[in-house]
Amino acid sequence: DAFMIYDETTPTTNVQERAYTITDDTVRGETSPFAGSGASKHVRMRSSEIRDEMLLGIQDSAGTLTVYMKSSTGAWVSQWTVAVGDGNLQRFDIAYEQTSGDALVVYSGNVATDGQELKYYTWNGTTWTGPTNLGSTRTTGTVYGVKLVSRTTSGTNEIGLVYADTNFDLSANVWTGAAWYGEPGAALATSLSKIGTYTVPTNRSYDLTFESLSG
């Protein structure tokens, strides 16, 4: 089965859900399991490879991130809420480790303070651990955009991270499943492309992936 999450202009206070069931090839009617969640700015949903479990992050227009969880038989349940700041780019992301099935949620600390630029939670199927600070020595501003991608090679739990800041810097890191490898020796970029005269990034002009065989 599958689930689709989206926000609509009307009603403005609810993020909507539609379920698809494989057995009868049917998309179900619209439901509102997130009543009172406020207008969303960014929505991100990921599913576990080894459990009937999904994580959903909703970043609203007030700059608040709420993370929800759903099992195959349960309802969406709020897990935790943090302030990530508002912006045109998604200030968080979610990824599951390929082998363990553990989850990683990385988000902006909404400050340029050394050692607190990024924060993250981990989920092992039973317990959340965090928030844990993740500093960034290659960026000079507040982290403004975050992207995670899981390495799909069997036997690894690596997750790649790339992120941009308000000064158009770009850096990256890799999660091993237990710790961070560390950033590159220098910023990947210090003048990311921008649209018009915007003073902060409004377009995600970057991405990352793993090679299928070598990793």
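Predicted, not measured: the structure shown is a model, and the values here were computed from it.

Cut-offs used in this document
- Residues numbered from 1 in each chain as written.
- Predicted model: local features only at pLDDT ≥ 70, side-chain atom pairs only at ≥ 80, totals over all residues.
- Heavy atoms only, no water.
- Salt bridge = Lys/Arg side-chain N within 4 Å of Asp/Glu carboxyl O.
- Helix = DSSP H or I, 4+ residues; strand = E, 2+ residues; numbered from the N terminus.
- Buried < 20%, exposed > 50% of the residue type's maximum accessible area, 1.4 Å probe, protein only.
- Pairing = 2+ DSSP bridges.
- Contact = heavy atoms within 4.5 Å.
- Axes fitted to C-alpha atoms, helices over the stretch in contact; angles between N-to-C directions.
- Phe/Tyr/Trp six-rings, centres within 6.5 Å; stacked < 30°, edge-to-face > 60°.

A. Just the pattern of salt bridges, in detail. This model, assessed by the stated rule, comprises seven salt bridges. The salt bridge involving Asp 207 is made with Lys 147; its shortest N-O contact spans 2.7 Å. Taken as a pair, Asp 207 in the segment after strand 14 (170–175) and Lys 147 in strand 12 (residues 143–150) lie far apart in primary sequence, 60 residues in all. The exposure class assigned to Asp 207 is partly exposed, which follows from its relative accessible area of 48%. Where salt bridges share partners, they join Lys 147, Arg 204 and Asp 207 into one cluster.

B. Inspection of the sheet that holds strand 2 (residues 15–21) at higher detail. Pairing within the open sheet is antiparallel, and its three strands lie in the order 1-2-3. The strands lining the two open edges of the sheet, one partner per strand, are strand 1 (2–7) and strand 3 (26–27). One ladder, built from two bridges, connects strand 2 with strand 3; its direction is antiparallel. Bridge pairing in strand 3 places Thr 21 opposite Thr 26.

C. Looking closely at the pairing of strand 6 (residues 64–71). By the criterion of burial, strand 6 is predominantly enclosed, with six of the eight residues buried. Connecting the antiparallel pair strand 5 (residues 53–60) and strand 6 is a turn made up of three residues, with Gly 63 showing a positive phi of about 85°. Sheet analysis places strand 6 next to strand 7 (residues 77–83), joined by six bridges and oriented antiparallel. The residue bridging Val 67 from the neighbouring strand is Trp 80, located in strand 7. Counting the residues that bridge the hairpin from strand 6 to strand 7 gives five residues.

D. Geometry of the environment of Pro 201. Position of Pro 201 among the secondary structure elements: in the segment after strand 14. For Pro 201, a relative accessible area of 3% puts it in the buried group. As a C-alpha pair, Pro 201 and Phe 168 span 33 residues in sequence and 6.4 Å in three-dimensional space. Not counting chain neighbours up to four residues away, the residues in contact with Pro 201 comprise Leu 89, Tyr 144, Asp 165, Thr 166 and Phe 168.

E. Geometry of the sheet that holds strand 14. Ordered by their spatial adjacency, three strands build an open sheet running 12-13-14, and the pairing between neighbours is antiparallel. Only two strands of the sheet have a single neighbouring strand rather than two, namely strand 12 and strand 14. For this sheet, the mean inter-axis angle between neighbouring strands, taken without regard to orientation, is 20°. Pairing of strand 13 (residues 159–165) with strand 14 involves six bridges; the strand directions are antiparallel. Directly across from Tyr 163, in strand 14, lies its bridge partner Ser 171.

F. Structural detail: the packing of aromatic side chains. Summed over all chains, the structure comprises 11 aromatic pairs. Pairing Tyr 120 with Trp 180 gives two aromatic rings, centres 5.6 Å apart and planes at 75°, and the pair type is edge-to-face. In this pair, Tyr 120 sits in strand 10 (residues 118–123) while Trp 180 sits in the segment after strand 14, placing the two residues 60 residues apart along the sequence. In terms of burial, Tyr 120 and Trp 180 fall into one category: buried. Between Tyr 121 and Trp 128, the aromatic rings sit 6.0 Å apart at their centres with planes inclined by 90°, giving edge-to-face as the arrangement. Each member of the pair, Tyr 121 as well as Trp 128, is classed as buried. Pairwise contacts between aromatic rings join Trp 80, Tyr 107, Tyr 121, Trp 123 and Trp 128 into one cluster.

Without other data, these values stay purely geometric and don't point to any function.
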